[in-house]
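# Reading the structure
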Amino acid sequence: MSVIRNIKVSAGKPYNVTVGKGLLPRVGSLLSQTVAPCHAAIITDSNVAPLYLAQTEESLRSAGYKVCSYVFPAGEKNKNLVTLSGILEFLAENRLTRQDCVFALGGGVTGDMAGFAAGCYLRGIRFVQLPTTLLAAVDSSVGGKTAVDLKAGKNLAGMFIQPSAVFCDTDCLSTLSDSLFSDGLAEAIKTGVLFDAELFAMCDNARENADISALIARCVQLKADIVKTDEFEKGPRKLLNLGHTPAHAIEKLSGYRISHGCAVATGTVMMARAAERLGFCTRPCAAEIGLMMISNGLPITTNFTPEKLAEAALGDKKRSGDEITLVLPEEIGRCTLEKFPVSELCEVFRAGMER
Ligand code: GLY
């Protein structure tokens, strides 16, 4: 009998994250205690639909839900207002009401857009996250951040809205390509660098070596602890943005051809190097983090210049007036939030890029 793990997220609206094998074919019956059978709108993308849509529909229908499904073209480049508008029109055409529920079946792009649509539609209806990628499982499906990208940058329009439940069926991870699997590991390694040296060690060549269900549950528990103290990112939740300021710049400058996970890997190593050079480290860790990324097939350098990255990053939402808050590793398992004048961002990036 495989292990099923439950993690409670004590946000303003509490909910459970369930992690284990074989959950998707049972999601209807597992959920019916929390969200009673209603009209269910499944939102998914063109990669995930052929793999998991039919079994999700069947599971919900047999538990008494009425089901409609919307499939959008896969890819970060479609995480925009046009796709969001298509989802909202679909919910309206199918006459979902405030008693009904949206299901985000897929990776981070799907979760972000379906969650945002659920938050806007009728000023907010319930939604459930069904993550099918490792990145969504360890990070984006938990904590209630939803968004679309704007021309000026990534995730610039969005809201905090917590799901009613998250079901992470680890069987879905078996169909991930190595590169999609690695994308998720970048966020797991980031979480280890932030809070937990043991989790960091678990990530070593993780597709071969790790108990992935335990690794996901540990990431979710650490994220739940932060969300409990700072749901709306006024303080400590900003730590979860480790590596994300350079990462969002890399993604944007690449026209979203470089994946979020690859960009986070490079960005996290950059911030660790910068922390060492600027004197914030109590125990140097950039080389160790770099090796961990490489062991999982992730990149740790970029061809974009510090000037280009800083220019792109200054459209980023984490800027506040003339200051920007950056996350700097002190050692593996502990990081600090530091404010810098925006005029110094380029120099911080340069410090993170010199070898
Ligand atoms: N992905 C960072 C956060 O949820 O705050």
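Residues numbered from 1 in each chain as written. Predicted model: local features only at pLDDT ≥ 70, side-chain atom pairs only at ≥ 80, totals over all residues. Heavy atoms only, no water.

## Focus on the overall build of the protein
Across its full length, the protein holds 14 helices and 12 strands. In terms of C-alpha radius of gyration, the protein reaches 19 Å, essentially the compact-globule figure of 20 Å for 355 residues. Seen through its C-alpha atoms, the protein measures out along the principal axes to roughly 60 × 45 × 35 Å. The buried share among the 355 residues of the protein stands at 59%. Pairs at least 24 residues apart make up 74% of the contacts formed inside the protein by residues separated by at least 6 positions. Carbon and sulfur atoms make up 52% of the accessible area of the protein, which amounts to about 14,200 Å² in all. (Helix = DSSP H or I, 4+ residues; strand = E, 2+ residues; numbered from the N terminus. Rg over C-alpha atoms; globule rule 2.2 N^0.38 Å. Buried < 20%, exposed > 50% of the residue type's maximum accessible area, 1.4 Å probe, protein only. Contact = heavy atoms within 4.5 Å. Areas by Shrake-Rupley, 256 points an atom, 1.4 Å probe, with all protein chains shown as cover.)

## Comments concerning unusual backbone geometry
Residues other than glycine seldom take positive phi values, yet Leu-122 does so here, at roughly 55 degrees. In this fold, Leu-122 is placed in the loop between α4 (108-120) and β6 (126-131). Residue Leu-122 is classed as partly exposed on the basis of its relative accessible area of 35%. Backbone geometry places Asn-205, a non-glycine residue, at a positive phi of 45 degrees. Structurally, Asn-205 can be placed in the loop between α7 (197-202) and α8 (206-209).

## Some thoughts on the site of the ligand
Inspection of the region around the ligand gives Asp-139, Lys-145, Lys-223, Glu-233, Arg-237 and Leu-240 as its neighbouring residues. Measuring from a nitrogen atom of the ligand, one finds a side-chain N or O atom of Asp-139 at 3.0 Å. The contact in question runs from an oxygen atom of the ligand to an N or O atom on the side chain of Lys-145, over 3.1 Å. Compared with its free state, where it exposes 190 Å², the ligand has 91% of that area covered by protein. (Near = heavy atom within 4 Å. Polar contact = N/O pair within 3.5 Å; in protein donor to acceptor, adjacent residues only side chain to side chain.)

## Brief notes about the side chain of Ser-182
With respect to the secondary-structure elements, Ser-182 resides in helix α6 (residues 178-195). Here Ser-182 is in contact with Asn-296 and Leu-298, once residues within four sequence places are set aside.

## With respect to the sheet that holds strand β2 (residues 15-20)
Judged by pairing direction, the sheet is mixed, and its 7 strands sit side by side in the order β1-β2-β9-β6-β5-β3-β4 without closing on themselves. Either end of the sheet is taken by a strand with one partner, and the two such strands are β1 (5-9) and β4 (66-72). Strand-to-strand, the axes of this sheet are offset by a mean angle of 20 degrees, without reference to chain direction. Across 2 bridges, β6 lies against strand β9 (residues 165-169) in parallel orientation. Among the inter-strand pairings, Val-128 is bridged to a residue of β9, identified as Ala-165. (Pairing = 2+ DSSP bridges. Axes fitted to C-alpha atoms, helices over the stretch in contact; angles between N-to-C directions.)

## Brief notes about the side chain of Ser-164
Mapped onto the elements, Ser-164 comes out in the loop between β8 (153-160) and β9. Excluding anything up to four places from it in sequence, Ser-164 contacts Lys-13, Tyr-15, Thr-34, Val-35, Arg-126, Phe-127 and Val-128.

## A closer look at the nonpolar core
One finds Val-17, Leu-134, Leu-215, Ile-216 and Ile-289 to be the most contacted residues of the largest nonpolar core, which totals 77 residues. Ranked by the residues each element gives to this core, the list is headed by helix α9 (residues 212-229), at 10 residues. If sequence neighbours within four positions are ignored, Val-17 has contacts with Arg-5, Asn-6, Ile-7, Val-9, Val-142, Val-166 and Val-220. (Core = buried A, V, L, I, M, F, W, Y, C linked by side-chain atoms within 4.5 Å.)

## Examining helix α2 (residues 49-62)
In a regular helix each residue adds 1.5 Å, so 14 residues correspond to 20 Å; α2 covers 19 Å between its end C-alpha atoms and thus fits that length. Three or more residues of α2 are buried, namely Ala-49, Tyr-52, Leu-53, Thr-56, Glu-57, Ser-59 and Leu-60. The buried side chains of α2 occupy one side of the element, clustering within an arc of 165 degrees when seen end-on. Every exposed residue of α2 that faces more than 90 degrees away from the buried side is listed here: Pro-50, Ala-54 and Ser-62. Downstream of α2 by a residue or two, Gly-64 has a phi angle that is positive, lying close to 105 degrees. (Expected span 1.5 Å × (residues − 1). Arc of directions from axis to C-beta.)

Function cannot be inferred from these measures alone, as they are strictly geometric.
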